[in-house]
Amino acid sequence: MYDYAKLLHLIAGIVWMGGMTFMLFALRPAAMASMEAQPRAVLMGQVWQRFYVWVLVSVVVLFGTGTHLYTSTFRAARLATGNGSVPLGWNVMLVLGVTMMLVFGHIFFSGFKKYKRAIAAEQWPLAAKAGGLMHKMTLLNFALGWLAIISVRLLR
Ligand code: HEM
């Protein structure tokens, strides 16, 4: 069970982190370099609409499997030694992982909602403003994701 949960956890992490890598470092710069503001705003809206479904699924899987990995090990350690303890990196992953999920919630439920409303009203400067904020929050999540992964591997 533990191994399957860890495999699912890894797959969901790869989907989210890989999607952010592609969006931040390939799709967005290419769209900025080669498209007018208006069609670019429509394209990014369509891209996010699809990508965020994958992120939502990844968030559910990461949270479910992550808490299972954490709590099952914590309980086993408590049974074996009387006090449950897990590596420091696991606690860092828990905190950073939950922070990433909250940041994504903000991107999805606030930023993207504003973005879609601006596109529907053909308010292009407003769409650009909302999109810029979503971009910054995605950069933050990308950095937090790598910090969490480095911590879970290196901090004992
Ligand atoms: C509620 C949030 C999270 C919790 C509680 C959690 C918990 C854990 C735990 C306990 C492990 C260690 C498993 C082990 O070594 O046997 C782990 C590993 C891992 N987690 Fe998370 N995690 C969370 C969120 C995330 C997020 C958001 C990402 C990336 C986007 C992520 C990516 C990974 C990766 C890649 C590993 C594997 C590292 C390795 O190979 O040892 N996790 N996680």
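Below, the structure is looked at part by part.

Each value, and the rule that gives it
- Residues numbered from 1 in each chain as written.
- Predicted model: local features only at pLDDT ≥ 70, side-chain atom pairs only at ≥ 80, totals over all residues.
- Heavy atoms only, no water.
- Helix = DSSP H or I, 4+ residues; strand = E, 2+ residues; numbered from the N terminus.
- Buried < 20%, exposed > 50% of the residue type's maximum accessible area, 1.4 Å probe, protein only.
- Contact = heavy atoms within 4.5 Å.
- Donors = N, O, S within 2.8 Å, 3.2 Å for Na, K, Ca; no water.
- Tetrahedral: all angles 85-135°; square planar, octahedral: opposite > 155°, others 65-115°.
- Near = heavy atom within 4 Å.
- Polar contact = N/O pair within 3.5 Å; in protein donor to acceptor, adjacent residues only side chain to side chain.
- Nonpolar A, V, L, I, M, F, W, Y, C, P; charged D, E, K, R; others polar.
- Axes fitted to C-alpha atoms, helices over the stretch in contact; angles between N-to-C directions.
- Parallel < 35°, antiparallel > 145°, perpendicular 65-115°, else oblique.
- Left-handed = near helix turned anticlockwise from the far one by under 90°.
- Core = buried A, V, L, I, M, F, W, Y, C linked by side-chain atoms within 4.5 Å.
- Phe/Tyr/Trp six-rings, centres within 6.5 Å; stacked < 30°, edge-to-face > 60°.

## Quick notes on the overall build of the chain
Regarding its fold elements, the chain presents four helices and zero strands. Moving toward the C terminus, one meets the helices and strands of the chain in the order α-α-α-α. Structurally, the chain occupies a C-alpha span of about 60 × 25 × 20 Å along its principal axes. Considering the chain as a whole, with its 156 residues, one finds that 35% of them fall into the buried category. Within the chain, counting contacts between residues at least 6 apart in sequence, those at least 24 apart form 78% of the total.

## A word on the coordination of the iron atom of the ligand
The coordination sphere of the iron atom of the ligand, as far as protein atoms go, consists of H9 (NE2) and M93 (SD), spread over 2.0 to 2.1 Å. Considering all six donor atoms around the iron atom of the ligand, angles at the metal cover 80 to 180° and the coordination shape is octahedral. A residue pair is termed long-range when its members are at least 10 positions apart, and H9 in helix α1 (residues 2-34) and M93 in helix α3 (residues 88-120) qualify at 84 residues. Look at H9 and you get buried, because its relative accessible area is 16%. Accessibility expressed as a relative area gives 22% for M93, which makes it partly exposed.

## Digging into the site of the ligand
As a matter of local geometry, the ligand sits amid 23 residues, with Y2, K6, H9, M93 and R153 nearest to it. Note that an oxygen atom of the ligand is positioned 2.6 Å from one of the side-chain N or O atoms of Y2. Separating an oxygen atom of the ligand from a side-chain N or O atom of R153 is a distance of 2.9 Å. Elements with a minimum of two residues in the shell around the ligand: α1, α2 (37-81), α3 and α4 (124-154). The class makeup of the residues in the shell around the ligand is 16 nonpolar, five polar and two charged.

## Details of the packing of α3 against α4
At a minimum axis separation of 9 Å, α3 and α4 run at an interaxial angle of 170°. On the basis of the axis angle, α3 is roughly antiparallel to α4. Judged by the twist between their axes, the crossing of α3 over α4 is left-handed. Of the residues that constitute the contact of α3 with α4, the class distribution is 24 nonpolar, nine polar and one charged.

## A closer look at the nonpolar core
In this structure, W16, W48, Y52, V55, Y115 and M134 are the most contacted members of the largest nonpolar core, which totals 32 residues. Elements that contribute at least two residues to this core include exactly α1, α2, α3 and α4. Setting aside its immediate chain neighbours within four residues, V55 contacts W16 and F104.

## Some points on the side chain of N141
Relative to the helices and strands, N141 resides in helix α4. Setting aside its immediate chain neighbours within four residues, N141 contacts W16, M20, M100, V103, F104 and I107.

## As for the packing of aromatic side chains
Counting across every chain of the model gives 13 aromatic pairs. Summarising the aromatic geometry, the rings of Y52 and F104 are spaced 5.4 Å apart at their centres and angled 75° between planes, so their arrangement reads as edge-to-face. On the criterion of sequence distance, the pair formed by Y52 in helix α2 and F104 in helix α3 is long-range, its members being 52 residues apart. Of the two residues, Y52 and F104, neither departs from the other in class, the shared state being buried.

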